[in-house]
Amino acid sequence: MTNPSSGTDGEKTGWAVEISALNKWYGDFHVLRDINLTVARGERIVICGPSGGGKSTMLRCINRLEDWQRGRVVVDGKDLTDDPKQILAVRRDVGMVFQQFNLFPHLTVLENCTLAPIWVRHMPKKDAEELAMRFLRRVRIPEQAQKYPVRLSGGQQQRVAIARALCMSPNIMLFDEPTSALDPEMVKEVLDTMVELAGDGITMLVVTHEMGFARQVADRIIFMAEGQIVEINEPKAFFEHPQHERTRLFLQQILH
Amino acid sequence: MSKMLQLPLRSRQQWASIALQAALVVVIGGLAYGAFINAADNLAKAHIASGFRFWDNTAGFDISQTLIGYSPSTSTFGRAFWVGLLNTLLVASLGIVLATALGFTIGIARLSRNWLVARLAGGYVELIRNVPLLLQILFWYNAVLKSLPDLHSSISISGGAFLNNRGLFLPRPEFADKFDYVAAALVFGIVATLAVRIWARRRQERTGQPPRTLSFAFGLIVVLPLLVFFAAGAPLSFSFPEVGRFNIRGGTEILPEFAALLVALTIYTAAFIAEVVRAGILAVSQGQTEAAQALGLRSGSTLRLVVVPQAMRVIVPPLTSQYLNLIKNSSLAVAIGYPDLVQVFAGSVLNITGQAVEVIAITMAVYLFLSLVTSLLMNLYGRTVGIVER
Amino acid sequence: MVAADRIYLREAPAKLLPAPVASTGVVGWVRANLFSSPGNIALTIICAALIVWIVPPLLRFFFFDAVWSGADREACLPSAQNPEPGACWAFIRAWSSYFTYGFYPLGERWRVDLFFFLLAFGIAWLAWLGAPRRDIGAIYFFIVLPILSYVLLSGVPIIGLPDVPTSLWGGILVTIVVATVGIVASLPLGILLALGRRSEMPAVRLFSVTFIEFVRGVPLITVLFMASVMLPLFVPDRLAPDKLVRALIGVALFASAYMAEVVRGGLLSIPRGQYEAAQALALPYWRMMALVILPQALRVTLPNIVNTFIGLFKDTTLVFIVGIFDFLRTIEAARGDPHWATPITSVTGYAFAAVFYFVCCYGMSRYSRNVEARLARAHRR
């Protein structure tokens, strides 16, 4: 992919995501404190930590659903500034899956998937539908294409949401607690889909408490608490020899 | 649960239920019968005719605003009924259009990120909703329009219009024969625009090019008729109102009663519509907007493709009842003498004929019918905005 | 640097910094809410201009240039000291007792005052959700108060309260009476109609649905016309009720149809399980309704009930059209008084009426919103 001269002084970085000295406040509350992170292309990152620790907020800064007061986020070589064009350009290439699915209830499953390809990528309807069906087959629910989202189970809805994001052929996928709103028996079907996706070499950033998934898929695990990145490590080391006191405490709580 | 226990209980309940229903029927029947006997008796004593023969009798009273031909000396009560009904429909339909426009504007303004805009819109809603409509109508009529200067010191408005306490006098357009071409061009423009839109949608499906038909629409609907208008030698003249000694001649007149009623209905109903719109937009969760933005949709497309369709489904049912309220509220015309259905029919006609039962029954039937038709139309519209899911 | 970043351990916690000044405090608030973009700045300027255009003249009219005292119209005409007089409050003061009591005899007005007090007491008892024994309050409001009020206002000569015919009643008294009768009658009638609409008995259901939909489909003014013109025809001459009573019947019937729909909404919000649980306890129908379903349904729908009252209160002005001297009608009558005829008399009268209705309705709507917020909190818990 060619890279227009963006904020990085014309020098193309190899990073998919580059966050430096990011600070964010909600009113007087300091939610993100001095975040520095670089994610290589194709890397799979799992972010965990206690709730309210700023995980989702950081993730949402990457496609600028949240803005920030200080610091810099560069995605795919594009510097995220206030420039709406730049923001749209980043969002086009970054897929996102939400905790609450956020499918469009007034559109069928198929229409949910073709909306952005048609209106953002200006794809002919037929091509968009073929594309959508391909991804719906991949998440194994092609037979639901003509239904409305409310007719689907939570797990099916979340898989549609994944297909919808994939239809934009993103370079990076963001998952914001994709299984937290699901009934226990549906968690697996969504995780399986995500594991498959991880095999494709797409860059993934996943906020989740599913430690099994983290162990199986992640290249690195990030532990966040109180708005800071406390520890980053490879899964084996992270689980077997957590360095920070805070990380150890957290792992004890969720693994036992 | 055991059937043996239930059976006797059931049958006792059934008997009680039948007895209760029979009693209800008897009571209502008795009341109706008594009312009928008494009414016949009272009407006979007062020498009031019954039945609908009055419909074809000569009315003999004047009406200040008539959309169809009407003369007090020859027209019938039936004609007066239609005049009143048309006046009701006129003020109600204009009111619905204006109140919708104003209401949507204010409802959206209430959600503005600009604190001052949101607060002003909120103040409007609170103030207007909490003051009775009748008071507002009286205010506009007596305190504003009736206190305008009289005929001889009419306020003249640029463009040849006059405003005084008898109403607003506007130039009346007079169309020459060639104006037909302009009208034809306009109709053509509208049809062609629709055709272009359909074509653009098809092309989008085929090639993916997004439909951009705004400039086409402008050219076809505005520019083309204007060109034809000038090419045909501007076939339009105006008859300007002139202030005479006792009245104003020429032009066309808007009654202060009509204006006051329309303004009050619009302003009042808009406050309620604003609340409906606000609730409808708030009902679309933040997550929907975020999901659309995360897919890279522009904010305009997000609104048009995701937020508005969902909001409309929430808005349509309560909006319908606001429209019904507006139609029913237009009957307050009677307080300031705007000749609507209630003022003409349940007022003048009732007073002259004395046939209260027939006149009130017809009036109520008309409003029931209007309510029914409006609900039906809005249901159809509701179906097109797709209340499919759920 | 790159490699070092791959694995990371925070040694010392990041500093908690205060938010940049530009994003918090007054400055941040103003920037975010008023001047966040060029379009926003333009809107702010337009609105500010609008406020400057509207508010000072209103303040001048209501307060600074208003005439507070005077004997007749002379006081409110333009003069050297006050070339553009504002509201003629002197006119309101001169007519204030008429606005309150109508032509109610001077010597008997204490009865009206007592009625106002008894009513206010009942409203406070019911509206204050934490008040003791609100069930007795309900009995007081819906049974004791109506009887007491009738005795007080209409009079019973035997116990020393002379008759006061309703033709002498007027002003705020009539407005309050119409509204109160509407409220007191419409709630029980509305509950009955709502239960009737959900009844399993076809005749009852048919009657309820027909009544509710018919009344909601026609304007109040036609119902009032019907009550005032047709009702006298339907009863024998000697039983013909007086004008105010006819209007009260019309208002009560009208309000009960709307109340029925509000109550029905409340009933619909009660989960099936509540009915099933009550039936499992073998409660008969009326017990189940009175003890289990209605208390919950009325509680969740209380905000809507209050909103219906607001509508009813505003609608009381319509009795004006059938010739009842309610508050608005007394304003209409007074503003035609030649003693006080000035260019601003009408505006003053309407402004006064608007303030009265606004205070009452806004008060009720604030109350209903408070209840709603409380219910939402209780629900979340």
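Thresholds applied
Residues numbered from 1 in each chain as written. Chains lettered and ligands numbered in written order. Predicted model: local features only at pLDDT ≥ 70, side-chain atom pairs only at ≥ 80, totals over all residues. Heavy atoms only, no water. Helix = DSSP H or I, 4+ residues; strand = E, 2+ residues; numbered from the N terminus. Rg over C-alpha atoms; globule rule 2.2 N^0.38 Å. Buried < 20%, exposed > 50% of the residue type's maximum accessible area, 1.4 Å probe, protein only. Contact = heavy atoms within 4.5 Å. Areas by Shrake-Rupley, 256 points an atom, 1.4 Å probe, with all protein chains shown as cover. Lys, Arg positive; Asp, Glu negative; His and termini not counted. Charge placed at Lys NZ, Arg CZ, Asp CG, Glu CD. Patch = residues over 30% accessible without salt bridge, like charges linked within 9 Å, V, L, I, M, F, W, Y side chains within 5 Å. Salt bridge = Lys/Arg side-chain N within 4 Å of Asp/Glu carboxyl O. Pairing = 2+ DSSP bridges. Buried area = accessible area lost by both parts, 1.4 Å probe. Polar contact = N/O pair within 3.5 Å; in protein donor to acceptor, adjacent residues only side chain to side chain. Phe/Tyr/Trp six-rings, centres within 6.5 Å; stacked < 30°, edge-to-face > 60°. Lys NZ or Arg CZ within 6 Å of the ring centre and 35° of its normal. pLDDT = per-residue confidence, 0-100. Disulfide = S-S within 2.5 Å. Axes fitted to C-alpha atoms, helices over the stretch in contact; angles between N-to-C directions. Parallel < 35°, antiparallel > 145°, perpendicular 65-115°, else oblique. Left-handed = near helix turned anticlockwise from the far one by under 90°. Nonpolar A, V, L, I, M, F, W, Y, C, P; charged D, E, K, R; others polar.

Draft legend 1. Focus on the overall build of chain A. Counting its secondary structure elements, chain A contains nine helices and ten strands. Compactness check: chain A gives a C-alpha radius of gyration of 18 Å against a globular reference of 18 Å for 256 residues, within 12% of the reference. The principal-axis extent of the C-alpha atoms belonging to chain A is close to 50 × 50 × 35 Å. Put simply, chain A has 256 residues, and 60% of those count as buried. Considering only contacts within chain A whose residues lie at least 6 apart along the sequence, 66% involve residues at least 24 apart. Surface accessibility of chain A: about 10200 Å² in total, with carbon and sulfur atoms responsible for 47%. Positive and negative charge centroids in chain A, built from 31 and 33 side chains respectively, lie 3 Å apart.

Draft legend 2. Up close: a nonpolar patch on the surface. A contiguous nonpolar surface patch, about 1000 Å² in accessible area, is contributed by Leu-120 of chain B together with Leu-50, Trp-53, Ile-54, Val-55, Leu-58, Leu-59, Phe-63, Phe-64 and Trp-68 of chain C. Ranked by the residues each element gives to the nonpolar patch, the list is headed by helix α3 (residues 38-64) of chain C, at eight residues. Position of Trp-53 of chain C relative to the elements: it lies in helix α3.

Draft legend 3. Representation of unusual backbone geometry within the structure. The backbone phi angle of Ser-169 of chain A is positive, close to 40 degrees, even though this residue is not glycine. You can see Ser-169 of chain A is positioned in the loop between α5 (154-166) and β7 (172-176). For Ser-169 of chain A, a relative accessible area of 47% translates into the label partly exposed. Non-glycine residue Arg-133 of chain C carries a positive phi angle of around 50 degrees. Structurally, the position occupied by Arg-133 of chain C is in the loop between α5 (109-127) and α6 (134-154). Judged by its relative accessible area of 51%, Arg-133 of chain C falls in the exposed class.

Draft legend 4. The arrangement of the sheet that holds strand β3 (residues 44-48) of chain A in detail. What the seven strands build is an open sheet, ordered β6(A)-β7(A)-β8(A)-β3(A)-β9(A)-β10(A)-β1(C); its pairing is mixed. Each end of this open sheet is capped by a strand with a single partner; those strands are β6 (94-97) of chain A together with β1 (8-9) of chain C. Here β7 of chain A runs beside strand β8 (residues 203-207) of chain A; their pairing, made up of five bridges, is parallel. Its bridge partner being in β8 of chain A, Met-173 of chain A is matched across the sheet by Met-204 of chain A.

Draft legend 5. Up close: the interface of chain B and chain A. Taken together, the contact pairs 27 residues of chain B with 30 residues of chain A. At the boundary of chain B with chain A, total buried surface from both sides reaches about 2600 Å², with 64% on carbon and sulfur atoms. Of all residues in chain B, Glu-290, Ala-294 and Leu-295 of chain B bury the most surface against chain A, accounting for 22% of the area lost on that side. Here Arg-60 of chain A makes a salt bridge to Glu-290 of chain B, at a shortest N to O gap of 2.6 Å. Counting across the chain B and chain A interface gives six residue pairs in polar contact (both at pLDDT 80 or more). For the side of chain B that touches chain A, the secondary-structure elements that each account for two or more residues are α5 (179-207), α8 (286-294) and α9 (299-329) of chain B. Among the elements that make up the side of chain B that touches chain A, the one with the highest residue count is α8 of chain B (seven residues).

Draft legend 6. A look at the interface of chain B and chain C. With 49 residues of chain B in contact, the opposing surface of chain C contributes 56 residues. Taking both sides of the interface into account, the surface hidden between chain B and chain C amounts to around 4400 Å²; carbon and sulfur atoms contribute 75%. Between the two partners, chain B and chain C, sit one salt bridge. The salt bridge partner of Arg-369 of chain C is Glu-126 of chain B, with a shortest N-O separation of 2.8 Å.

Draft legend 7. Molecular detail of the packing of aromatic side chains. Residues and elements named next belong to chain C. By the definition in use, this model includes 44 aromatic pairs over all chains. Between Trp-68 and Trp-89 the ring centres are 6.2 Å apart and the planes differ by 40 degrees, which places this aromatic pair in the tilted class. Taken as a pair, Trp-68 in the loop between α3 and α4 (89-101) and Trp-89 in helix α4 lie far apart in primary sequence, 21 residues in all. Here Trp-89 falls in the buried class, since its relative accessible area comes to 12%. Grouping aromatic residues by their ring pairs yields a cluster made of Phe-91, Trp-95, Tyr-98, Phe-99, Phe-103, Phe-313, Phe-327, Trp-340, Phe-352, Phe-356 and Tyr-357. One residue, Arg-329, lies across the ring of Phe-320, its end atom 5.5 Å from the ring centre.

Draft legend 8. Region of interest: the confidence of the model for chain A. Chain-level pLDDT for chain A is 90 on average; 95% of the residues reach the 70-or-more range. Low pLDDT, under 50, characterises residues 1-11 of chain A; the stretch is placed with 16 contacts to residues that sit more than four places away or in other chains.

Draft legend 9. A look at the state of the cysteines. Within this structure, the stated rule accounts for one disulfide over all chains. Through a disulfide, Cys-76 of chain C is tied to Cys-88 of chain C; the S-S separation comes to 1.9 Å. For the disulfide bridge between Cys-76 of chain C and Cys-88 of chain C, the dihedral angle about the S-S bond is near 75 degrees, and by the sign convention the bridge is right-handed. Within this pair, whereas Cys-76 of chain C is found in the loop between α3 and α4, its partner Cys-88 of chain C is found in the loop between α3 and α4, the two being separated by twelve residues in sequence. A single burial state applies to Cys-76 of chain C and to Cys-88 of chain C, both of which are buried. Just so you know, Cys-113 of chain A is unpaired, no disulfide at all, and the nearest cysteine sulfur is the one on Cys-167 of chain A, 4.6 Å from it. In this structure Cys-361 of chain C is not part of a disulfide, and its nearest cysteine sulfur, from Cys-360 of chain C, lies 6.5 Å away. In this structure Cys-361 of chain C comes out as buried when scored by relative accessible area, which is 0%.

Draft legend 10. Summary view of the packing of helix α4 (residues 133-145) of chain B against helix α7 (residues 256-283) of chain B. Residues and elements named next belong to chain B. Two numbers describe how α4 lies on α7: the axes approach to 9 Å, and their chain directions differ by 140 degrees. When the axis of α4 is compared with that of α7, the two are oblique. In the packing of α4 onto α7, the handedness of the crossing is right-handed. Facing α4, whose interface residues are Leu-133, Gln-136, Ile-137, Trp-140, Tyr-141 and Leu-145, α7 presents Pro-256, Glu-257, Ala-259, Ala-260, Leu-261, Val-263, Ala-264, Leu-265, Ile-267 and Tyr-268. For the contact of α4 with α7, the per-class residue count stands at 14 nonpolar, one polar and one charged.

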